[in-house]
Every structure is written in structure tokens, then in C-alpha cells.
Amino acid sequence: MDQTLWIRSYRRYVKPLLGRSASQLASEFIRRILILRVTPGFTRVLGLQNPRSRELIEIDITYICNLKCFNCNRSCEQQPTNDHMSVGQLRYFLEQSRARGVKWKRIRLVGGEPTIHPKFMDVVNLLLQYRDTYCPDTRIELTTNGYGRYVNKVIGKIPPGIEVHNSAKESQVQPTFSTFNVAPIDEPEYAKAEFANGCPITSECGIGLTPYGYYPCAIAGAIDRTFGLDLGRKELPDFDDNMEPELRRFCALCGHFKRDREAPVDGPVQSPVWRAAYARARCQPPRLSRFPEMNEPGPGKP
Ligand code: SF4
Ligand code: SF4
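Residues numbered from 1 in each chain as written. Chains lettered and ligands numbered in written order. Predicted model: local features only at pLDDT ≥ 70, side-chain atom pairs only at ≥ 80, totals over all residues.

A. Structural view of the overall build of the chain. Of the regular secondary structure elements, the chain holds 10 helices and six strands. For 302 residues, the compact-globule estimate of 2.2 N^0.38 gives 19 Å, and the chain sits close to it at 21 Å. Taking the principal axes of the C-alpha coordinates as reference, the chain spans close to 85 × 40 × 40 Å. For the chain, with 302 residues in total, the buried portion stands at 34%. Expressed as a percentage of contacts within the chain between residues at least 6 apart in sequence, the contacts between residues at least 24 apart total 74%. (Helix = DSSP H or I, 4+ residues; strand = E, 2+ residues; numbered from the N terminus. Rg over C-alpha atoms; globule rule 2.2 N^0.38 Å. Buried ≥ 20, exposed ≤ 12 C-beta atoms within 10 Å, placed from the backbone. Contact = placed C-beta atoms within 7 Å.)

Here's what the structure looks like:
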């Protein structure tokens, strides 16, 4: 090793650690191990850390929200829209699940604020009917922000059999949100990451369904409406399909990919790739192909 290389390595790896306490050094060590784990070499040898769930699904039934939180991972504040899934799209999804013999362990309705969906009660009744007639063990959950009189009025009318998770948000500043809009591809440490090695959301929350189709997680669908990659699948992925091509594209843009334990942020934070994408989407919102719909069967038809 020549002298310049020694000096460069010292500046890069040793100098930043000088003067740190033992606990700071320990957490920096863990952080570097976690970043190493998502390099292509480690991913090839050890496999994906968080393979997508085969039995859980989150459905973004609407992107309308009455609360515009900073760093919302559906971009409801950064790129508002009134877009939502139709009841026909939900019907198509349930029929497709039945036809493919998929029995969901959990279906979670999210958004946006799902209770603001213009046909919210129809959506709820459709899901209850699916569970009662086909899959009695499916847990149906709803995640709501619990904000405002209208939302709370709708929550009060939700029939039994739906598990309501109310995050009771009160303002735009969310004490647990971190930098969703800081893309790992904008961070030098992640320049060589294997982005198919996604974060735990795809295994813990499940795959995502949005007005534009299936994604490895619902957040990826929301990223698509800003970047316009139009990668929503219209067919349920096969069991042995990890959706790696989609993970490679979306996780490279998604702040949740970063393995750092980040402090919460109290205002909007965006890296260059996101700033540019929001500016483009404001001028010309991407047009994504839509998930198919299924009409209600007519009288006398099965
Ligand atoms: S309540 Fe949820 S969906 Fe609405 S802006 Fe906040 S984080 Fe986004
Ligand atoms: S797109 Fe984001 S939330 Fe989804 S798996 Fe990748 S890193 Fe996680």
C-alpha cells in the first residue's frame, strides 16, 4: 500500500471515529455491519433479509388525506391527489384472490385516510362478505389517522369484525417519521447497495395493492405515482416470485431502505432525486396504467 492510500484510508475510516464514546463507536460499528449486509456480495451469500410476505396485504384504497404530514410515505402532503381505488377494482382483487386460491391472513386498509374514500362502507362490506363466504380466518384491519370530526364519525359506524388501528394524529409533525424522501441512491454509502434487499416493511406489512396494481409493498406504489415507472402488476405475483426487479427500482428511491437508526425529523426533508421528481410531477403528473375493475354481478348472475 503506498503512502497516499494509507492517508486516504485513515481519513475515511479512522479519523471520523476519533473522539467518540464507546457507545457511539458500538452503534457506528452496527450501522456499518448493517450497510455491509445490503451489499451485493453479502446479499448473494446470505439471501434477502426481508422476503416479501405471501399472506399479508396492504391496500391503499385512497390517496386523499385530511392531514398533510411532513414526509408522508404516500406523498399526501408532497404531491396531493384525489385518486382512489374503485369498488370494482376491490371486487377484481377479491375475485382474483379466490380464483388463485389465495387466502389472506390479513388484509389491511390504508391510504391516504381510508375512511375518506367516497365509497368507504361499500369497500368494508365487500371485504366482510369475502371473509364470511370464503376465508373466515382473514383478519381485516383498518389504519386511520383518527383526525377530525368526519373521520371519527365514520370510525363510529364501522361494523364489528374490522380491527381499527387509530394512530390519533394531531398535526403535520409526526414524532416517529424519518426521512422517507431521502433516497439511498443520493447517499454515497448506499451507492453500491443491492436494492432488492428491501426493508422489513415488505415482510411485516405485506405486499401492496394500489389503484395501479400490486407492488412489493404499498409504499412502492406511492413512489410510482411520483416517478411514473408504471410497474404496478395487474396479476397477483406467483408464490416463488420475490418481486426483485420492482424492489431494485423502488427501494433505491425509498428512505426506508436506509439501515441507519435515524432521529425523527420535524419538517420536510428531500434529497435531490425526490426534489426533482416532485417538481416534474407538479408540472406533469405521471399517468399510470390502472388495476382492472370487475362489475357487480347483475340480477340472477353468479
Ligand atoms: S395521516 Fe397518514 S396518509 Fe395522511 S398525510 Fe399523514 S402520514 Fe400521510
Ligand atoms: S420500497 Fe421502501 S418500504 Fe418498500 S420494501 Fe423497499 S425500502 Fe421497504
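Having put the structure on the table, let's press on.
B. Just the site of ligand 1, in detail. The full set close to ligand 1 counts 13 residues, and Cys-65, Cys-69, Cys-72, Cys-76 and Asn-145 are the nearest of them. Looking at the shell around ligand 1 residue by residue, the classes come out as five nonpolar, three polar and five charged. (Near = placed C-beta within 6 Å. Nonpolar A, V, L, I, M, F, W, Y, C, P; charged D, E, K, R; others polar.)

C. A look at the site of ligand 2. Every one of the 14 residues lining ligand 2 counts as a neighbour, but Gly-198, Cys-199, Cys-217, Cys-251 and Cys-254 are closest to it. Going through the elements one at a time, helix H7 (201-204), helix H8 (218-227) and helix H9 (244-251) are the ones with two or more residues in the shell around ligand 2. Here the shell around ligand 2 takes three residues from H9, the largest share from any one element. Of the residues belonging to the shell around ligand 2, the class tally is 11 nonpolar, three polar and no charged.

D. Region of interest: the environment of Arg-280. Topologically, Arg-280 is positioned in helix H10 (residues 272-283). In sequence terms Arg-280 and Asn-145 are 135 residues apart; their C-alpha atoms lie 29 Å from each other.

E. The nonpolar core, seen in detail. Formed by 48 residues in total, the largest nonpolar core has its most connected members in Ile-59, Val-123, Cys-217, Ile-219, Ile-223, Phe-250 and Cys-254. What Phe-250 contacts, discounting residues up to four positions off in sequence, is Ala-220 and Ile-223. (Core = buried A, V, L, I, M, F, W, Y, C linked by C-beta atoms within 7 Å.)

F. Quick look at the pairing of strand E5 (residues 207-210). Of the two faces of E5, the one holding Ile-207 and Leu-209 and the one holding Gly-208 and Thr-210 are both buried throughout. Strand direction decides the pairing type here: strand E1 (residues 56-62) and E5, joined by three bridges, are parallel. Each bridged residue has a counterpart across the sheet, and for Ile-59 the counterpart in E5 is Leu-209. In sequence, E5 turns back onto strand E6 (residues 213-215) through a hairpin of two residues. (Pairing = 2+ DSSP bridges.)

G. Fine view of the pairing of E1. Judged by how many residues are buried, E1 sits mostly within the fold: six of seven residues are covered. Strand direction decides the pairing type here: E1 and strand E2 (residues 106-111), joined by six bridges, are parallel. What sits directly across from Ile-59, in E2, is Leu-109. Remark: the E1/helix H4 (residues 87-99)/E2 crossover connection has right-handed handedness. (Right-handed = clockwise from strand over helix to strand, strands pointing away.)

H. Representation of the environment of Ile-162. Within the secondary structure, Ile-162 is located in strand E4 (residues 162-166). Ile-162 gets classed as partly exposed once you count the C-beta atoms within 10 Å, which come to 16. Spatially, the C-alpha atoms of Ile-162 and Arg-11 are 56 Å apart, while their sequence positions differ by 151 residues. Residue contacts for Ile-162: discarding those within four places in its chain leaves Val-124, Ile-140 and Leu-142.

I. Structural detail: the environment of Lys-169. Looking at the secondary structure, you find Lys-169 in the loop between E4 and H7. Using a count of 19 C-beta atoms within 10 Å as the deciding quantity, one classes Lys-169 as partly exposed. Between the C-alpha atoms of Lys-169 and Cys-72, which are 97 residues apart in sequence, the distance is 12 Å. Among residues more than four places away in sequence, those in contact with Lys-169 are Leu-67, Cys-69, Asn-145, Gly-146, Tyr-147 and Gln-174.

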